[in-house]
Amino acid sequence: MEDDDIAAGYCCDDMETCLSAGPDAALFEHDSGLILLNAGRTEQDGEEGNLLISVQFCPFCGTELQTDEDIDAALEAVD
Ligand SMILES: [Zn+2]
């Protein structure tokens, strides 16, 4: 492995940069522990909000961040 120098919890420097940028970044860590992609604004049933999509693989380095099971479990915990 060549990623020994990367801070724990991050698969690569680019992901660390995104997740360190805060909740307004395109990629961020949700309260549930999931890493979500903010795909923009959406309107549903007259209510405006952020369109959030869970990210299974890091878009920068391709590391698997969370499995379908992880995502399902986290979403159930939120509901
Ligand atoms: Zn990565």
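No experiment lies behind these values; they were computed from the predicted model shown.

Rules used in this analysis
Residues numbered from 1 in each chain as written. Predicted model: local features only at pLDDT ≥ 70, side-chain atom pairs only at ≥ 80, totals over all residues. Helix = DSSP H or I, 4+ residues; strand = E, 2+ residues; numbered from the N terminus. Buried ≥ 20, exposed ≤ 12 C-beta atoms within 10 Å, placed from the backbone. Pairing = 2+ DSSP bridges. Axes fitted to C-alpha atoms, helices over the stretch in contact; angles between N-to-C directions.

**Student:** Just checking my understanding: could you explain the overall build of the protein chain for this structure?
**Tutor:** Within the protein chain, the regular secondary structure consists of two helices and three strands. Tracing the protein chain from N to C terminus, the helices and strands come up as α-β-β-β-α. When burial is assessed residue by residue, the protein chain has 6% of its 79 residues classed as buried.

**Student:** Looking at this structure, I do not really get the sheet that holds strand S2 (residues 35–44). What am I missing?
**Tutor:** Whenever strands of a sheet pair, they do so through backbone hydrogen bonds, lying parallel or antiparallel. With antiparallel pairing, three strands are arranged side by side in an open sheet as S1-S2-S3. The outermost strands of the open sheet, each flanked by one partner alone, are strand S1 (27–29) and strand S3 (47–54). Along the sheet, successive strands turn relative to each other by an average axial angle of 50°, direction set aside. Examined bridge by bridge, S1 and S2 share three bridges and lie antiparallel to one another. Residue pairing for S2: Phe 28 is matched across the bridge by Leu 36.

**Student:** How do you make sense of the pairing of S3 when you look at a structure like this?
**Tutor:** Along a regular strand, successive side chains alternate from one face of the sheet to the other. Counting buried positions over the eight residues of S3 gives zero, only a small fraction of the element. Bridge count for S2 against S3 is seven bridges, and the pairing is antiparallel. Bridged to Arg 41 within S3 is Asn 50. In this structure, the hairpin formed by S2 and S3 is closed by a connection of two residues, where Asp 45 is found at a positive phi of approximately 55°.

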